[in-house]
Amino acid sequence: MGHYDGVAAVRSSDAVGPLRRTGRAVGHALGFPFAGAARGIRKATHAHGAGESGLGKLIELHAVNGAGDVMITVALASTVFFSVPTDEARGRVALYLAVTMAPFTLLAPVIGPLLDRLPHGRRAAMAIAMLARAILAIAMSTIVATGGLELYPAALGVLVASKAYGVVRSAVVPRLLPPGFPLVRANSRVTLAGLVATGIGAPLGAGLQQIGSPWPLYGACVVFLGGTFLAWSMPPKVDSAKGERRLQLVAHGKTKRPSLRTVGPSVVHGLQANATHRALSGFLTFFLAFLLRDHPLTGLSAAISLGIVGVSAGVGNALGTAVGAWLKSRGPELIIATMLALVFTAAIFTALFFGGVMVAVLGASAGLSQALSKLSLDAMIQRDVPEEVRTSAFARSETVLQMAWVVGGAIGIALPLNSTLGMWVAAGLVGLGVVAAVRGLLRAARRGSPHPHVS
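Residue numbers restart at each chain and count upward from 1, following the sequence in its written direction. With pLDDT at 70 or above as the cut-off, local features in this predicted model cover only qualifying residues; side-chain atom pairs require 80 or more to be listed or tallied, and sums for whole chains, interfaces and linings still use all residues. Only hydrogens and water are removed before side-chain values are computed, so all heavy atoms of the structure are retained for them.

### Notes on the confidence of the model for the chain
Alright, step 1. Known as pLDDT, the predictor's confidence for each residue is given on a scale from 0 to 100. For the chain, mean pLDDT is 76; residues scoring 70 or higher make up 70% of the total.
Alright, step 2. Only DSSP runs of H or I with at least four residues qualify as helices, and only runs of E with at least two residues qualify as strands; both kinds are numbered from the N terminus onward. At the low end of the mean pLDDT range in the chain sits strand β1 (residues 249-251), at 40; at the high end sits helix α8 (residues 215-232), at 93.
Alright, step 3. Note on contacts: a residue pair is in contact if any heavy atoms of the two residues lie within 4.5 Å. Note on residues 243-253: pLDDT under 50 across the span, and 33 contacts to partners over four residues away in sequence or across chains.

Structure (structure tokens):
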């Protein structure tokens, strides 16, 4: 019997061996696309020294942020929070503009200075911003179907957390730069990762929406929980406060604590130019939404007319981010001045020859110019603003830019629906920015950026 048992065991092992090998092969075949995709993503995010410096992890974190935010947007898109039909009273659109401003009433005067006083809290701040949105996503999942008033404070909380994360993320980038890596290029790679993740997260969220209205929020919760752990895994130098408390500005022989008014004209003029781009964006968003609904482009429906504007602006924005990702220029002032001149020219030609082609050109120019100008402004703040007040600088700049967008949108809402008048107003808005900023930007570019002496 022992002999036969031994023979049976050998035969059994002989049979199991191929099964195991087959199972491993099948598992490898099924897992290969995901493992290959993960390796490809890691290779892209960690290229050119970004892996060693820690920038790669920040790129991945921002991609997680973009995917989570767009899932929440998909979940709220069918509720009263975001439903602002153009045929309703314009007062309701004004209410939407007021809602978008709410996070910034806290961001500049409260959150920015608070984060400046937490030199060891950057990883914690980004992790808390992720965790807060995960919790709020679950809270909204119970009420998203009804779209009740309880949705408003939760959605505003998501906006505040999202903007707070963005401010800290911008302040962190200079600490993670690979050697010889321009700031504009680093900002572009981070932003581009967010755009790609948004493009992936949007259809995923739409697919979850088909299961049920809370499901995109469940997905967002999972994504943000992953982002929480990823934020904590950032390199320790993100939280390093080395030199920050000793940072002092020497001016006119006197030493004083640095402030946002001591950084030279580059940041000021860059902010003026970016405020112009945001005002134009807000104006075009609302003016064209009302105009093309009642007066579509010749031979096209209202939906297609609006689609042309949206697609062209989106393509321009993506192109601007992609160009910035490969840009080797170290002169952000010149980039901003060039972009302002470009969109000014496009606005004038659209006013003179209003039609489908020129509207598309203006939309693409506005998207391209806004993207590259914002990347350049971030680079100038990261370069010129002392680290002790850098987070406040980003918070204040975001507040100014959002206010400019709201002002532009308000002008678009109030203006009569006349295409020629509207485009000349758009050109006028950009012209004000050209007058205010271009000369100063070019002068700063010629003489080089002033860098405060620190000790």
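### Brief notes about the nonpolar core
A general tendency of soluble globular proteins is for nonpolar side chains to be buried together.
Alright, step 1. In this text, buried Ala, Val, Leu, Ile, Met, Phe, Trp, Tyr and Cys residues form a nonpolar core when linked through side-chain atoms within 4.5 Å. Relative accessibility decides the category of a residue: with a 1.4 Å probe and only protein chains considered, values under 20% of the type maximum give buried, values over 50% give exposed, and everything between is partly exposed. Ranked by internal contacts, the top residues of the largest apolar core, which has 45 residues, are Leu-55, Leu-58, Leu-61, Ile-72, Met-126 and Met-140.
Alright, step 2. Contributions of two or more residues to this core are made by α3 (55-76), α5 (122-141), α6 (151-172), α7 (183-211) and α8.
Alright, step 3. Broken down by element, the residue count for this core peaks at 10 residues, all from α3.
Alright, step 4. When near neighbours in sequence (up to four residues on either side) are disregarded, Met-140 contacts Ile-72, Leu-76, Leu-151, Ala-154, Ala-155, Val-158 and Leu-217.
Alright, step 5. Counting 44 residues, the second-largest nonpolar core is a separate cluster that includes Val-267, Leu-340, Phe-394 and Ala-427.

### Overview of the packing of aromatic side chains
Alright, step 1. The pairing test for Phe, Tyr and Trp rings, Trp by its six-membered ring, is centres within 6.5 Å, and the orientation test on the planes gives stacked under 30 degrees, edge-to-face over 60, and tilted for anything in between. For the structure shown, the criterion picks out four aromatic pairs.
Alright, step 2. Considering the side-chain rings of Trp-215 and Tyr-218, the 5.3 Å spacing of their centres and the 80° angle between planes classify their relative orientation as edge-to-face. Separated by three residues within a single helix, Trp-215 and Tyr-218 lie in helix α8, roughly one turn from each other.
Alright, step 3. Residue Trp-215 is classed as partly exposed on the basis of its relative accessible area of 39%.

### Digging into α6
Alright, step 1. Along its 22 residues, α6 runs 32 Å from first to last C-alpha, staying within 8% of the 32 Å computed at 1.5 Å per residue.
Alright, step 2. Buried residues dominate α6, accounting for 16 of its 22 residues. The span one expects for a helix is its residue count, reduced by one, times 1.5 Å.

### Quick look at a positive patch on the surface
Alright, step 1. Residues Arg-439, Arg-443, Arg-446 and Arg-447 make up a contiguous surface patch of positive charge.
Alright, step 2. Of note, Arg-443 is situated in helix α14 (residues 419-447).
Alright, step 3. For Arg-443, a relative accessible area of 33% puts it in the partly exposed group. Patches here: salt-bridge-free residues with over 30% relative accessible area, like charges joined within 9 Å, nonpolar side chains (Val, Leu, Ile, Met, Phe, Trp, Tyr) joined within 5 Å. Using a 1.4 Å probe, accessible areas were evaluated by the Shrake-Rupley method; residue-level cover was limited to the displayed protein chains. In what follows, salt bridge is the name for a side-chain nitrogen of Lys or Arg lying within 4 Å of a carboxyl oxygen of Asp or Glu. Positive charges come from Lys and Arg, negative ones from Asp and Glu, while His and the chain ends are left out of the count. We put the charge of a Lys on NZ, of an Arg on CZ, of an Asp on CG and of a Glu on CD.

### Brief notes about α3
Three or four residues apart is the spacing at which side chains of an α-helix point the same way, because the helix has 3.6 residues per turn.
Alright, step 1. Between the first and last C-alpha of α3 there are 32 Å, a value that for 22 residues agrees with the 32 Å anticipated at 1.5 Å per step.
Alright, step 2. Most of α3 is tucked away, with 19 of its 22 residues classed as buried.

### Focus: the pattern of salt bridges
Alright, step 1. According to the stated counting rule, one finds four salt bridges in the structure shown.
Alright, step 2. The salt bridge partner of Asp-378 is Lys-374, with a shortest N-O separation of 2.7 Å. With Asp-378 and Lys-374 both in helix α12 (residues 356-384) and four residues apart, the pair spans about one turn of that helix.
Alright, step 3. Residue Asp-378 is classed as buried on the basis of its relative accessible area of 4%.
Alright, step 4. Of the residues examined, Lys-374 reaches a relative accessible area of 12% and is grouped as buried.
Alright, step 5. Residues participating in the shared-partner salt-bridge network are Glu-333, Arg-383 and Asp-384.

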